[in-house]
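This is what each chain is made of:
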Amino acid sequence: MKSREQKRQSPVRSSYASGSHHYGRVFAIESALELDYLNLIRFQRQAEIIVSQPTHIEYVLNGRPRRYTPDFLVVEDDVRYIDEIKPQSAADKPEFRAKAEKLTEIYAARGEVFRVFTENHIRIGHRADNLRFLAPVLDTDPPTDEFETLLNATAIRKASLRGLSEFLEVIDIHLSFIRRAVAHQLIRCDLTKPWCEQSFHW
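Since this is a predicted model, take the numbers as computed values, not measurements.

Rules used throughout
Residues numbered from 1 in each chain as written. Predicted model: local features only at pLDDT ≥ 70, side-chain atom pairs only at ≥ 80, totals over all residues. Heavy atoms only, no water. Pairing = 2+ DSSP bridges. Helix = DSSP H or I, 4+ residues; strand = E, 2+ residues; numbered from the N terminus. Buried < 20%, exposed > 50% of the residue type's maximum accessible area, 1.4 Å probe, protein only. Contact = heavy atoms within 4.5 Å. Polar contact = N/O pair within 3.5 Å; in protein donor to acceptor, adjacent residues only side chain to side chain. Disulfide = S-S within 2.5 Å.

Some words on the pairing of strand β2 (residues 25-29)
Alright, step 1. Pairing of strand β1 (residues 16-20) with β2 involves 5 bridges; the strand directions are antiparallel. The residue bridging glycine 19 from the neighbouring strand is valine 26, located in β2.
Alright, step 2. The loop that links β1 with its antiparallel partner β2 comprises 4 residues; one of these, glycine 24, has a positive phi angle of about 65 degrees.

Printed below as a string of structure tokens:
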């Protein structure tokens, strides 16, 4: 079986190429929703393997031969997930539900788990916006030295964006540290809230 050719499938559909040093590959992305999904998977860092548009399968549905190429293959804890990214409006259509049910059966027989993600799973609150902001620094080195300086400089382990920014200036740490530290989960916050309203803890 062959992998899907990396090309546009529609004249009105966008194509993206998103690289990850951590996963050592470039991903073919066909929608902004797929890119938001990929940002989430990359940020979580739970997947051992991510492959975009992996090997297709051929099957029969309602007496007709079909061909299906997943959007992503994700391997976590030795479990192989076959992920389809769809707008909720498309996922709610009876034709897609029938297709998803069939694909669930096919992949289960192969020892794999078929999953469907919509914007309701991916774009919770402001999380997708924040992950787009963090995405460019996901592959940078973790700012461990700066983090150690922060830990040694104060016993406080929680601050607002403004409070943390002001304290970093006092201890001579560049403000970009916040973005990098959140991207590497040294500092945590509720990404579903707007960035300007964040409360950080570490």
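A short note on the side chain of asparagine 39
Alright, step 1. On the secondary structure map, asparagine 39 appears in helix α1 (residues 32-44).
Alright, step 2. Judged by its relative accessible area of 4%, asparagine 39 is buried.
Alright, step 3. Filtering out sequence-adjacent residues up to four positions away, asparagine 39 remains in contact with Leu131, Arg132, Ala135 and Leu138.

What to know about unusual backbone geometry
Alright, step 1. In the Ramachandran plot, aspartate 78 falls in the positive-phi region, its phi being about 70 degrees despite a non-glycine side chain.
Alright, step 2. With respect to the helices and strands, aspartate 78 occurs in the loop between β6 (72-76) and β7 (79-85).
Alright, step 3. You can call aspartate 78 exposed: its relative accessible area is 70%.
Alright, step 4. Even without being a glycine, glutamine 185 presents a positive backbone phi close to 60 degrees.

Some words on the side chain of glutamine 53
Alright, step 1. When you line up the elements, glutamine 53 lands in the loop between β3 (49-52) and β4 (57-61).
Alright, step 2. Within the local environment of glutamine 53, its side chain forms a polar contact with the side chain of glutamate 30, the two groups lying 3.2 Å apart.

Regarding the state of the cysteines
Alright, step 1. Tallied over the full model, the rule gives 0 disulfides.
Alright, step 2. Cysteine 189 takes part in no disulfide bond, and the closest cysteine sulfur to it belongs to cysteine 196, at a distance of 12 Å.
Alright, step 3. Taking the relative accessible area as the measure of exposure, cysteine 189 reaches 18% and is therefore buried.

In short, geometric facts, not functional conclusions.
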